[in-house]
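# Topology and contacts: notes
Here are the chains, one letter per residue:
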Amino acid sequence: MENTLNKDFTSFSDEDLVVLAQQGDDRALDYLLSKYFVHVRSKSLSYYIVGADRDDIIQEGMIGFLKAVKTYDF
């Protein structure tokens, strides 16, 4: 795998970032997670779980996003 230590991920497509993340590139995964955090947070506002606070729901959304990245089949 190519060294991505100094790469600027803004020029990568989401598909390329998913491939890198699936190959074990933690920086690509971190970039994807931070890129979509605001989207996951905004979507979580419409959900309610008994006994959970807003941060718990956001965390569940981020876990779902992480699983989606790891298991995505092109």
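Data block above holds the structure.
The following refers to the structure shown. (Residues numbered from 1 in each chain as written. Predicted model: local features only at pLDDT ≥ 70, side-chain atom pairs only at ≥ 80, totals over all residues. Heavy atoms only, no water.)

## Let's talk about the packing of aromatic side chains
According to the stated counting rule, one finds four aromatic pairs in the structure shown. Each ring, one from Phe9 and one from Phe12, has its centre 5.4 Å from the other, and the planes form 65°; the classification is edge-to-face. Using a relative accessible area of 7% as the deciding quantity, one classes Phe9 as buried. Note on Tyr72 and Phe74: the rings are 4.8 Å apart at their centroids and 85° apart in plane angle, and the pair reads as edge-to-face. For Phe74, a relative accessible area of 54% translates into the label exposed. Among the aromatic residues, ring-to-ring pairing joins Phe9, Phe12 and Tyr31 into one connected group. (Phe/Tyr/Trp six-rings, centres within 6.5 Å; stacked < 30°, edge-to-face > 60°. Buried < 20%, exposed > 50% of the residue type's maximum accessible area, 1.4 Å probe, protein only.)

## Some details on the layout of surface pockets
Size it by volume and the largest pocket reaches roughly 190 Å³. Together, Asp14, Glu15, Val18, Leu32, Tyr36, Phe65, Ala68, Val69, Tyr72 and Phe74 line the largest pocket. Those elements that provide at least two residues to the lining of the largest pocket are α1 (14-22), α2 (26-44) and α3 (54-71). Across the lining of the largest pocket, the residue classes tally to eight nonpolar, no polar and two charged. (1 Å grid on protein atoms, 1.4 Å probe; cavity = no way out; pocket = protein on both sides within 12 Å on 5 of 7 lines; lining within 4 Å. Points joined across faces, edges and corners; volume = space filled by probe spheres on them. Helix = DSSP H or I, 4+ residues; strand = E, 2+ residues; numbered from the N terminus. Nonpolar A, V, L, I, M, F, W, Y, C, P; charged D, E, K, R; others polar.)

## Some points on the packing of α2 against α3
Their axes nearest at 9 Å, the elements α2 and α3 cross at an angle of 135°. It follows from the interaxial angle that α2 and α3 lie oblique. Note that α2 runs across α3; the crossing there is right-handed. Within the contact between the two elements, α2 uses Leu29, Leu32, Leu33, Tyr36, Phe37, Val40, Arg41 and Ser44 and α3 uses Arg54, Ile57, Ile58, Gly61, Met62, Phe65, Leu66, Val69 and Lys70. By residue class, the composition of the contact of α2 with α3 is twelve nonpolar, two polar and three charged. (Axes fitted to C-alpha atoms, helices over the stretch in contact; angles between N-to-C directions. Parallel < 35°, antiparallel > 145°, perpendicular 65-115°, else oblique. Left-handed = near helix turned anticlockwise from the far one by under 90°. Contact = heavy atoms within 4.5 Å.)

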